[in-house]
Amino acid sequence: MTHATLQVALDILELHRAVRIAEEAVAGGADWIEVGTPLIKSEGMAAVRQIREAFPGRVIVADMKIADTGTVEVEMAAKAGANVVCVLADADDTVIAECVRAAHLYGVRVMADLINVADPVARARDLASLGVDIVNAHVGIDQQMIGKNSVDLLRSIAGEVSIPLAVAGGLDASTAAQAVAAGADIVIVGGWIVKSGDVEGSARRIREAIDAPSIAPPAKRSVDEEIRGLFMQVSAPNVTDAMHRKGAMNGLFPLTFGVKAVGPAVTVQSFPGDWAKPVEAIDVCRPGDVLVIYNAAATHVSPWGELATRSAINRGVAGVIIDGSARDVDDIRALKFPLFARACVPNAGEPKGFGEINAEIPCCGQTVRPGDWIVADESGAVVVPKERAYEVARRALEVKKNEERVRAEIARGSTLAEVQELYKWEKK
Ligand SMILES: O=C(CO)[C@H](O)[C@H](O)COP(=O)(O)O
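Conventions and cut-offs
Residues numbered from 1 in each chain as written. Predicted model: local features only at pLDDT ≥ 70, side-chain atom pairs only at ≥ 80, totals over all residues. UniProt positions renumbered as here; feature names shortened; annotations may be inferred. Helix = DSSP H or I, 4+ residues; strand = E, 2+ residues; numbered from the N terminus. Buried ≥ 20, exposed ≤ 12 C-beta atoms within 10 Å, placed from the backbone. Contact = placed C-beta atoms within 7 Å. Axes fitted to C-alpha atoms, helices over the stretch in contact; angles between N-to-C directions. Parallel < 35°, antiparallel > 145°, perpendicular 65-115°, else oblique. Left-handed = near helix turned anticlockwise from the far one by under 90°. Nonpolar A, V, L, I, M, F, W, Y, C, P; charged D, E, K, R; others polar. Domains from an automatic or database assignment. Near = placed C-beta within 6 Å. pLDDT = per-residue confidence, 0-100. Pairing = 2+ DSSP bridges. Core = buried A, V, L, I, M, F, W, Y, C linked by C-beta atoms within 7 Å. Right-handed = clockwise from strand over helix to strand, strands pointing away.

If you look the chain up in an unreviewed UniProt entry, it shows as 3-hexulose-6-phosphate synthase from Methanofollis liminatans DSM 4140. On record in UniProt, under Catalytic activity (unreviewed entry), the comment for the chain is "D-ribulose 5-phosphate + formaldehyde = D-arabino-hex-3-ulose 6-phosphate".

**Q** Would you take a moment to explain the overall build of the chain for this structure?
**A** Summing up its helical and strand segments, the chain has 18 helices and 18 strands in all. For the chain, the spread of C-alpha atoms along the principal axes amounts to about 85 × 45 × 40 Å. Out of the 428 residues in the chain, the part that is buried amounts to 48%. Restricting to contacts in the chain with at least 6 residues of sequence separation, those with at least 24 account for 71%.

**Q** Would you take a moment to explain the packing of helix α6 (residues 120–129) against helix α8 (residues 150–157) for this structure?
**A** Each pair of packed helices can be described by the angle between their axes along with the distance between the axes. It is at 9 Å that the axes of α6 and α8 come closest, and there the two elements cross at 60°. One way to sum up the angle between α6 and α8 is to call them oblique. Here α6 runs over α8; the crossing is right-handed. Packed against α6, whose contacting residues are Pro120, Val121 and Ala124, the element α8 presents Leu153, Ser156 and Ile157 at the interface. A class-by-class count of the residues in the contact of α6 with α8 yields five nonpolar, one polar and no charged.

**Q** Would you explain the domain arrangement of the chain in this entry?
**A** Interface size is commonly expressed as the accessible area that is lost once the parts come together. Domain assignment breaks the chain into domain 1 (5–211) and domain 2 (225–390). Look at where the C-alpha atoms of domain 1 and domain 2 centre, and you get two points 45 Å apart.

**Q** Can you help me understand the site of the ligand in this one?
**A** As a structural note, the neighbourhood of the ligand is formed by 16 residues, with Ala9, Ala168, Gly170, Gly190 and Gly191 the closest of them. Every element with two or more residues in the shell around the ligand is listed here: β8 (186–189) and α10 (191–194). Of the residues contributing to the shell around the ligand, the split by class is seven nonpolar, seven polar and two charged.

**Q** What is the right way to look at the confidence of the model for the chain in this model?
**A** Do not read the fine detail of predicted coordinates wherever pLDDT is low. When pLDDT is averaged across the chain, the result is 96; 99% of the residues are at 70 or more. The complex model carries a pTM of 0.89, and its ipTM stands at 0.97.

**Q** What's the story with the sheet that holds strand β5 (residues 109–113) in this structure? I'm lost.
**A** A barrel is described by the order of its strands in space; here eight strands give the closed sequence β1-β2-β3-β4-β5-β6-β7-β8, paired in parallel fashion. Direction aside, neighbouring strands of the sheet carry axes that sit 25° apart on average. Where strand β1 (residues 5–10) and strand β2 (residues 32–35) come together, four bridges link them in parallel fashion. Bridge pairing links Gln7 to Trp32 in β2. Across the sheet, helix α4 (residues 70–80) is in contact with β3 (60–66) and β4 (84–88); its angle to β3 comes to roughly 160°.

**Q** Sorry, what's going on with unusual backbone geometry here?
**A** Peptide bonds are mostly trans, and most non-glycine residues show a negative phi. We note that Ala297 has phi near 60°; this positive angle belongs to a residue other than glycine. Inspection of the secondary structure assignment puts Ala297 in the loop between β11 (290–294) and α15 (306–315). Classification of Ala297 by C-beta neighbours within 10 Å gives partly exposed; the count is 17. One non-glycine residue with positive phi stands out, namely Lys336, at about 55°.

**Q** Where do I start with the nonpolar core in this structure?
**A** Where a protein is soluble and globular, its nonpolar side chains tend to be buried together. Val8, Val85, Val167 and Val187 are the most contacted members of the largest nonpolar core, which totals 83 residues. Looking at which element gives the most residues to this core, the answer is helix α5 (residues 93–106), with six residues. Filtering out sequence-adjacent residues up to four positions away, Val85 remains in contact with Ala62, Met64, Val74, Ala77, Ala78, Cys99, Ala103, Val108 and Val110. Counting residues in hydrophobic clusters, the runner-up holds 55 residues, among them Leu230, Leu291, Ala341 and Ala376.

**Q** Could you clarify how one ought to interpret the pairing of strand β12 (residues 319–326) in this entry?
**A** The two faces of the sheet receive side chains in turn, since in a regular strand these alternate between them. Counted residue by residue, β12 has eight buried out of eight residues, so it is predominantly covered. Inspection of the sheet shows β12 paired to strand β13 (residues 339–344) by five bridges, in the parallel sense. When the sheet's bridge partners are listed, Val320 is paired in β13 with Leu339. What joins β12 to β13 is helix α16 (residues 329–334), and the crossover it makes is right-handed.

Written out as C-alpha cells, the structure reads:
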C-alpha cells in the first residue's frame, strides 16, 4: 500500500485560527503541517514558533518562498522550529546553495518550489545536484485560476530526479490520488482542507484517497461546460466578490424566485414599446443562453410577457434580463422561469421591428457584449467579460470555499469581526 505524506498548508492570515485548523487537519490524518506563506507574512516567525509549540512531535514546514538571503531566512525558520524550509526554485543558484549550507548547519531540509519555472525538468535536476532535499511541483493559486494543473507539472518531472517529489496546487481528493499514482511522495493540500466547513472530514477524505488511490479518468468537458458547471455552484455575490466588487447590474430585481440564470448573453437593443427584437432574439438563442434586453430602462411599457416566456422555455433559454419592464409576472412565476427586470407593468407595446440583436448594449449600468457570461440569482445579476469567464468562475468558487470555514466558525459562536480580526486589518 502506498503511504504518501499528507502536508496541510495553513494558508490563512489569523494565527489563532491556524492552530485550531491544524488540530482538526491532524485529527483527519495530515502528517506534516505547513505554515503557509500568507500566515508567515501576516504573523512572521511567531507563527512557526506557535505551531511548533502546539505540535511538538510533527514535521513543520515553513513556506518562506525564499528569493534571496538564503542563510538568514533558513536560519530564522529553523530557529523558530521548522524542519523543512521552502525556497523558490527560480532563485539564483547562489541563493539555493546558501539555503542548503544553512539547512545542513541547523539540521533541517530544503524544499524547492517550482512555481513559474520555465524548464521544470532541467531546473529539478539542477536543484538535486545543488543538494536540495525535496522538489515541489507547485502551481500557484493565481495560476490555477487560469487552468494550470499541478498534476501535469508533477508528471513532467516524475522519474527525472531521485530526490523526493512533492506536489501542490489546487489538489482535492481526486487529484491528490492522481498525484500519488503519478509518483508524489508528499501531497500538499491547502484550500481544500483549510477553507472547508469540515476540516477534519476533508483531511480524512484526502488521507483515504492518497492511501488507496482509485483513479477515475476525469470526464471530458468543453470549456463552456466547465464554466457553466462552476458558475452553477456559486452565487452572484460570490462572482462580484471574485471580480473585486465589479460587474453587478444596478436597479434590477428578480421577478421570479428560487431560480437562477447562468449562461452566455444574447443581447438585444430595443426601444420602449417595440417588442419585435426581444421576441425575435429568442430564435437566435442556443439552449443555455441568457437573453439580455436593453429597453431604455422604461417602466411604462413591457417588451416581455408570458407568451415570450413560453417560447424561451421551448428554446432552452436559461433566463431573461431586461433593462426595462415585464408583465404577466404571475404566469411567469408559475413557469419558474428566471426573469429579472427593473419593474413590472401590464402595458405591452407594438412589434415595430427597430433595434438590433447581438450588438454591444448598456444594461443596468454595465456594458454587455454577446457571449459575456451572466450569473443572476435573488441577489441580482452580474456580467462577466467572456475573456475572463473561466478565471472568474474559478475565483468565485474560491470565494465560496473561503466562506465555508468562516461560516462554520460563526456557527460555533464566533462573530465575523472576531474570525476575520477586522480591527487588525483596518487600513491605517
Ligand atoms: O503555496 C501555496 C500558494 O502559493 C499553497 O500553499 C499551495 O498552493 C497549496 O494550497 P492550495 O491547495 O490551496 O493550492
